[in-house]
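Chain and residue survey
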Amino acid sequence: MPESGAQRRASWLEELEARPKAELHLHLRGAIPREFLSDRVRRYPPAQALESAPPNQLARLRRQPAIARILAASDPAEELDGLFRFDSLDQFLAAYFFTVFFVREIDDFRGLVIGLREHLLAQNITYAEVTVSIPEYLQQGLPLEGILEVLGEDPPARPKVRWIVDLVRNYGPDAAERLLERLLPLLPPTVAGLTLGGAEHLYPPQQFERVYALAREAGLGTTVHAGEALGPESVWHALDTLRVERIGHGVRAIEDPSLVSHLAEREIPLEICPTSNVRTGVYRSMEAHPVRELYEAGVPMSISTDDPTFFGISLAEELAGLRSLGFTTGEIDGLASGAFAFAFDAEAAA
Ligand code: HPA
Ligand code: ZN
């Protein structure tokens, strides 16, 4: 019997799953294993865990219905599903931030890294650049030296992990600069780059010019979350003021044709995370996502999952989903293998 379309799609997804892949935009806590989180919310009762939050943060977190339900539950692990339902970037960021309160010891941090490696291995992701939001762990009282010791571990076996330090824009540009100055002399060779995550609309890229000048001087690869919550002007600032080598998301560049041409001509890769953009409400549906238009305009890109536990997606599924937007299997194969070329650490990726 000839293979049906559904069978062909299934076997192609299996093929995508099996082949060696690179992922360049993935947050460490965004890949937190569900069982690990369940275990930690039982170990550290949420109401107590949140006591370390400054009052304004606590109020913001409590306003999220999913978090309020977790705080009120007799078994908080039973209420975790709600944390993964959100319909705006702000709600997602609150849910994401909430999880840091359950990383209380260096051993918890190490547990995240072990979980990440298992996640990568299970998906045949052989090279990953993983974003780690350092100030959030420092706020939890974890010692910087301990964090850097864990990040510095570099097992010879695949997956190869290189870290992208996220200075988290919500702490403001001065704090970001002070932290980077403190970090630079201590960074292990496994740290390959710098980014800013968090609320782009409250802390746009241009505020961080000095931070990026420092990072560039120190030889770090540079990227920034831009063109996600804000439009093309934010991507222009990322390029002209911060002079980044890649853009995290960057998808709203589509709103300015001259920017799209610029990205294509200068060969600036976008780290595109389609499911993330739909789940956080940047686009109302996959059909409305501009990834195809950007691709046709010649903008270099890699495809990533951003926060796979929160968005419930694997890298292979993310790639396969591009079929519904008009990508051919050959084009998707090209995107999957092309990601290695945009790595900040070409040697580790090879
Ligand atoms: N945007 C900003 N900050 C983030 C994201 C994102 O998509 N994911 C994790 N932190
Ligand atoms: Zn991200």
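Note that the structure is a prediction, hence the values are computed from the model and not measured.

Mapping arginine 40 onto the fold places it in helix H2 (residues 34-43). Assessed through its relative accessible area of 10%, arginine 40 is described here as buried. With residues near it in sequence (within four places) discarded, arginine 40 still touches Phe102, Asp107 and Asp108.

When you line up the elements, arginine 8 lands in helix H1 (residues 5-18). Using a relative accessible area of 48% as the deciding quantity, one classes arginine 8 as partly exposed. Taking the C-alpha atoms as reference points, arginine 8 and glutamate 35, separated by 27 residues in sequence, lie 33 Å from one another.

What follows deals with the site of ligand 1. Every residue lining ligand 1 is accounted for by His27, Phe92, Leu93, Tyr96, Gly197, Gly198, His225, Glu228, His249, Asp306 and Asp307. In this structure, aspartate 306 approaches ligand 1 through a side-chain N or O atom, which is 2.9 Å from an oxygen atom. Considered on its own, ligand 1 offers 260 Å² of accessible surface; in the complex 99% of this is hidden by protein. Of all the elements, helix H6 (residues 89-98) adds the most residues to the shell around ligand 1, at 3 residues.

So, about the coordination of the zinc ion (ligand 2). Binding of the zinc ion (ligand 2) to the protein goes through His25 (NE2), His27 (NE2), His225 (NE2) and Asp306 (OD), at separations of 2.1 to 2.2 Å. Coordination geometry of the zinc ion (ligand 2): the 4 donor atoms subtend angles of 84 to 174° at the metal centre, consistent with an arrangement described as irregular. Residue classification places histidine 27 among the buried positions, given a relative accessible area of 6%.

Turning next to the sheet that holds strand S7 (residues 247-249). In space, the 4 strands of this open sheet follow the order S6-S7-S8-S9, with parallel pairing throughout. With partners counted over all chains shown, the strands left at the sheet margins are strand S6 (225-226) and strand S9 (301-303), one partner each. Note that S6 and S7 share 2 bridges and pair parallel. The residue of S7 that forms the bridge with alanine 226 is histidine 249.

Turning to the sheet that holds strand S2 (residues 125-133), a few remarks are in order. Sheet architecture is open: 5 strands sit in the order S1-S2-S3-S4-S5, paired in parallel fashion. Lying at the two open borders of the sheet, with one neighbouring strand each, are strand S1 (21-27) and strand S5 (221-222). Relative to S5, strand S4 (residues 191-195) runs parallel, the two being bridged by 2 bridges. Among the inter-strand pairings, leucine 194 is bridged to a residue of S5, identified as threonine 222. Contacting S4 and S5, helix H11 (residues 209-217) crosses the sheet at an angle of about 165° to S4.

Burial within strand S3 (residues 160-166) is extensive, with 7 of its 7 residues counted as buried. Residues Lys160, Arg162, Ile164 and Asp166 point to one face of S3 and Val161, Trp163 and Val165 to the other, with burial holding for every one of them. Bridge analysis of S2 against S3 gives 7 bridges, and the strand direction is parallel. Across the sheet, the residue bridging to valine 130 is tryptophan 163, located in S3. Where S3 lies against S4, 4 bridges are found, and the strand directions are parallel. Residue pairing for S4: tryptophan 163 is matched across the bridge by valine 191. Viewed along the sheet, the connection from S3 through helix H10 (residues 173-183) into S4 turns out right-handed.

Calculation rules
Residues numbered from 1 in each chain as written. Chains lettered and ligands numbered in written order. Predicted model: local features only at pLDDT ≥ 70, side-chain atom pairs only at ≥ 80, totals over all residues. Heavy atoms only, no water. Helix = DSSP H or I, 4+ residues; strand = E, 2+ residues; numbered from the N terminus. Buried < 20%, exposed > 50% of the residue type's maximum accessible area, 1.4 Å probe, protein only. Contact = heavy atoms within 4.5 Å. Near = heavy atom within 4 Å. Polar contact = N/O pair within 3.5 Å; in protein donor to acceptor, adjacent residues only side chain to side chain. Areas by Shrake-Rupley, 256 points an atom, 1.4 Å probe, with all protein chains shown as cover. Donors = N, O, S within 2.8 Å, 3.2 Å for Na, K, Ca; no water. Tetrahedral: all angles 85-135°; square planar, octahedral: opposite > 155°, others 65-115°. Pairing = 2+ DSSP bridges. Axes fitted to C-alpha atoms, helices over the stretch in contact; angles between N-to-C directions. Right-handed = clockwise from strand over helix to strand, strands pointing away.

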